[in-house]
Amino acid sequence: MSEVPSMQKTKMIIKKNDKFIKIAESLKPKLIKDKVYPKQIVDVIRDKDAIHGWKVVKVSEIDTIKKEAYGKSDSFILDFGDHEVGYLTIKVRPVGSPPDAPLRLKLSFGEMPVEVKEPFSEYKGWISSSWLQEEVINVDILPAELKLPRRYSFRYLKVEVVDTSQKYKVSFDEIYCTTVTSADVSKVKKLPETLDKELQIIDKISIKTLQDCMQDVFEDGPKRDRRLWIGDLRLQAAANYKTFKNYDLVKRCLYLFAGVTNENGQVSACIFTEPEPIPDDTFLYDYSLFFVDILYNYYKASKDIKVIKDLWPTAVRQIEIALERLDENNIVKDDETWWAFIDWNEKLNKQAPAQAVLIYCMKRALALAEELNLKEKDFLKKKIDEISEAAVKHLYDKEQGFFVSGKEKSVSWAAQVWMVLAEVLPKEKKCRVNGKII
């Protein structure tokens, strides 16, 4: 165990567990690669009824890029037919006189048609524009095979010849993407053909999305924010158990979170994995507790007792830290000194749903403790009863039939849903969600 100063501006002290980091690195997957070629050349045209106002139409077959000669200001858009995550290779050759000036290419990658039609220079959003996938490449020697070092996430590729010279043009013999993932598609069971067709399409897209997010870790997204977020991991791991069954990837992520905590032992909301594992200086009340739930679900899926023995102390520590936030009534204190995510809505009061997340995750810990006869089981059971009773006493409004949250006693979907998931009310009592008794 070692402590290293963080490079982040908060001067957070990182508590590094070298043993856990080593285990995580030993579980780093060998990525599965495939070579994917574009399916057709397309154009993107205005259509007020299409998403973002742009529609894709076919222009020609893919072989056109080998036959055509492209000069200054020429361009084309390639459709790869599906969402791809990987590395681009371009084989380009000169046509005409020997090249007397460099070839300058501009490449724009888009997951949606709008990204290859509207110029990125017009982007005004709050998320950094450096996430926009655009490259300008100068090629001094032709013919050339260009292997772009960055990983991209896209379906559409716009290729613009910014300039050549008056003496020559270029043709493209080959353009393809070497896709990468740690998800083994052969592990996924096919759905019955009798199943509703729309559900089959939803299932196919969902599995492809998970596949593209499964890289060295479960990524928040393969295009933007390519980090290991614990909230995303919780959901991705659950879907993975029913599809790709890559238990080692979940285990790797758990060891990474436990391997780099703050000096208090709290797991961060997310981790940067390169150049080495570094926890972000974002700590969320609910996300730290989710470590417990992920560990519980991992054990239920894998029965891997060794991981539980290794990581149980980290899981218990998250509960201890969360309990420190309770007031004299056993209710999560709601003030400016804490941060729970729960949902993106900034106006949502987080007190009641955070209370429910605490109970939910403590029940997961209790289930593990009872099954494995861990010493904390009696403490957990007693504390769960106390906190649950407090939630009903102080947060449940009998007249409305809803749990309320914060000083304003706000009512939200989040509070009701999490209280139901945590099974806070006795079975003979229910709360209403959208007018229905649940």
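Preceding this paragraph is the structure being described.
Residues numbered from 1 in each chain as written. Predicted model: local features only at pLDDT ≥ 70, side-chain atom pairs only at ≥ 80, totals over all residues. Heavy atoms only, no water.

## Some remarks on helix α4 (residues 230–241)
Each full turn of the α-helix corresponds to 3.6 residues, which orients residues three or four apart in the same direction.
Here is step 1: Between its first and last C-alpha atoms α4 spans 16 Å; for 12 residues at 1.5 Å apiece the expected length is 16 Å, and the two agree.
Here is step 2: Listing the buried residues of α4 in full gives Ile 230, Gly 231, Leu 233, Arg 234, Gln 236, Ala 237, Asn 240 and Tyr 241.
Here is step 3: The inward-facing, buried residues of α4 abut α3 (197–213), β12 (228–229), α5 (247–259), α6 (285–302), α8 (351–371) and α10 (413–421). (Helix = DSSP H or I, 4+ residues; strand = E, 2+ residues; numbered from the N terminus. Expected span 1.5 Å × (residues − 1). Buried < 20%, exposed > 50% of the residue type's maximum accessible area, 1.4 Å probe, protein only. Contact = heavy atoms within 4.5 Å.)

## Some details on the pattern of salt bridges
Here is step 1: For the structure on display, the rule yields 34 salt bridges.
Here is step 2: One salt bridge in this structure joins Glu 25 and Arg 252, with 3.5 Å as the shortest N-O distance. Taken as a pair, Glu 25 in helix α1 (residues 18–26) and Arg 252 in helix α5 lie far apart in primary sequence, 227 residues in all.
Here is step 3: Judged by its relative accessible area of 36%, Glu 25 is partly exposed.
Here is step 4: The class for Arg 252 is buried, based on a relative accessible area of 2%.
Here is step 5: With a closest N to O distance of 3.4 Å, Glu 134 and Lys 106 form a salt bridge. Placement of Glu 134 in strand β8 (residues 134–139) and of Lys 106 in strand β7 (residues 103–110) is noted, with a sequence separation of 28 residues between them.
Here is step 6: The class of Glu 134 is partly exposed, set by a relative accessible area of 32%. (Salt bridge = Lys/Arg side-chain N within 4 Å of Asp/Glu carboxyl O.)

## What to know about the packing of aromatic side chains
Here is step 1: For the structure on display, the rule yields 17 aromatic pairs.
Here is step 2: With a centroid separation of 6.0 Å and an interplanar angle of 55°, the aromatic rings of Tyr 70 and Phe 172 are classed as tilted. A residue pair is termed long-range when its members are at least 10 positions apart, and Tyr 70 in the loop between α2 (64–67) and β6 (75–96) and Phe 172 in strand β11 (residues 168–181) qualify at 102 residues.
Here is step 3: Exposure remark for Tyr 70: the relative accessible area of 8% places this residue in the buried category.
Here is step 4: Exposure remark for Phe 172: the relative accessible area of 0% places this residue in the buried category.
Here is step 5: A network of ring pairs unites the aromatic residues Trp 229, Tyr 287, Phe 290, Phe 341, Trp 344, Tyr 360 and Trp 418 as a single cluster. (Phe/Tyr/Trp six-rings, centres within 6.5 Å; stacked < 30°, edge-to-face > 60°.)

## Points about the environment of Lys 223
Here is step 1: Mapped onto the elements, Lys 223 comes out in the loop between α3 and β12.
Here is step 2: Take Lys 223: its relative accessible area is 15%, and that puts it in the buried class.
Here is step 3: Counting along the chain gives 187 residues from Lys 223 to Val 36, while the straight-line C-alpha distance between them is 18 Å.
Here is step 4: In this structure, Lys 223 is in contact with Glu 111, Glu 115, Trp 131, Gln 133 and Ser 153, ignoring residues within four places of it in sequence.
Here is step 5: Polar side-chain contacts of Lys 223 include one of 2.3 Å to the side chain of Glu 115. (Polar contact = N/O pair within 3.5 Å; in protein donor to acceptor, adjacent residues only side chain to side chain.)

## Remarks on the environment of Ile 202
Here is step 1: Inspection of the secondary structure puts Ile 202 in helix α3.
Here is step 2: When the C-alpha atoms of Ile 202 and Glu 399 are compared, they prove to be 40 Å apart, with 197 residues separating the residues in sequence.

## Considering unusual backbone geometry
Here is step 1: In this structure, Pro 143 follows Leu 142 across a cis peptide bond, with omega equal to 0°.
Here is step 2: Mapped onto the secondary structure, Pro 143 falls in the loop between β8 and β9 (144–147).
Here is step 3: Here Glu 274 and Pro 275 are connected by a cis peptide whose omega angle stands at 0°.
Here is step 4: Mapped onto the secondary structure, Pro 275 falls in the loop between β14 (270–272) and β15 (278–279).
Here is step 5: A positive phi angle, close to 65°, is found at Asn 330, a residue other than glycine.
Here is step 6: Mapped onto the secondary structure, Asn 330 falls in the loop between α7 (305–323) and α8.
Here is step 7: Its identity is not glycine, yet Asn 373 carries a phi of approximately 55°, on the positive side.
Here is step 8: Structurally, Asn 373 can be placed in the loop between α8 and α9 (377–395).
Here is step 9: Exposure remark for Asn 373: the relative accessible area of 56% places this residue in the exposed category.

## Some thoughts on the environment of Phe 172
Here is step 1: Expressed as a C-alpha distance, the spacing of Phe 172 and Ile 278, which sit 106 residues apart in the sequence, is 41 Å.
Here is step 2: Beyond its immediate chain neighbours, meaning those up to four positions away, Phe 172 contacts Ile 65, Lys 66, Tyr 70, Phe 76, Ile 90, Lys 91, Val 92, Leu 105 and Val 159.

## Notes on the sheet that holds β15
Here is step 1: The sheet built from three strands is open, its strands ordered β12-β14-β15 with antiparallel pairing. Strands with a single pairing partner mark the edges of an open sheet, and in this sheet they are β12 and β15.
Here is step 2: Sheet analysis places β14 next to β15, joined by two bridges and oriented antiparallel. Bridge pairing links Phe 272 to Ile 278 in β15. (Pairing = 2+ DSSP bridges.)

## Here's the deal with the packing of α8 against α10
Here is step 1: Between α8 and α10, the least distance of the axes is 8 Å, while the angle of their chain directions is 15°. Put simply, α8 runs roughly parallel to α10. α10 is crossed by α8, and the crossing has left-handed handedness. Mapping the contact onto sequence places Ala 352, Pro 353, Gln 355, Ala 356, Val 357 and Tyr 360 in α8 and Ala 414, Ala 415, Trp 418, Met 419 and Leu 421 in α10.
Here is step 2: Class assignment for the residues of the contact of α8 with α10 results in 10 nonpolar, one polar and no charged. (Axes fitted to C-alpha atoms, helices over the stretch in contact; angles between N-to-C directions. Parallel < 35°, antiparallel > 145°, perpendicular 65-115°, else oblique. Left-handed = near helix turned anticlockwise from the far one by under 90°. Nonpolar A, V, L, I, M, F, W, Y, C, P; charged D, E, K, R; others polar.)

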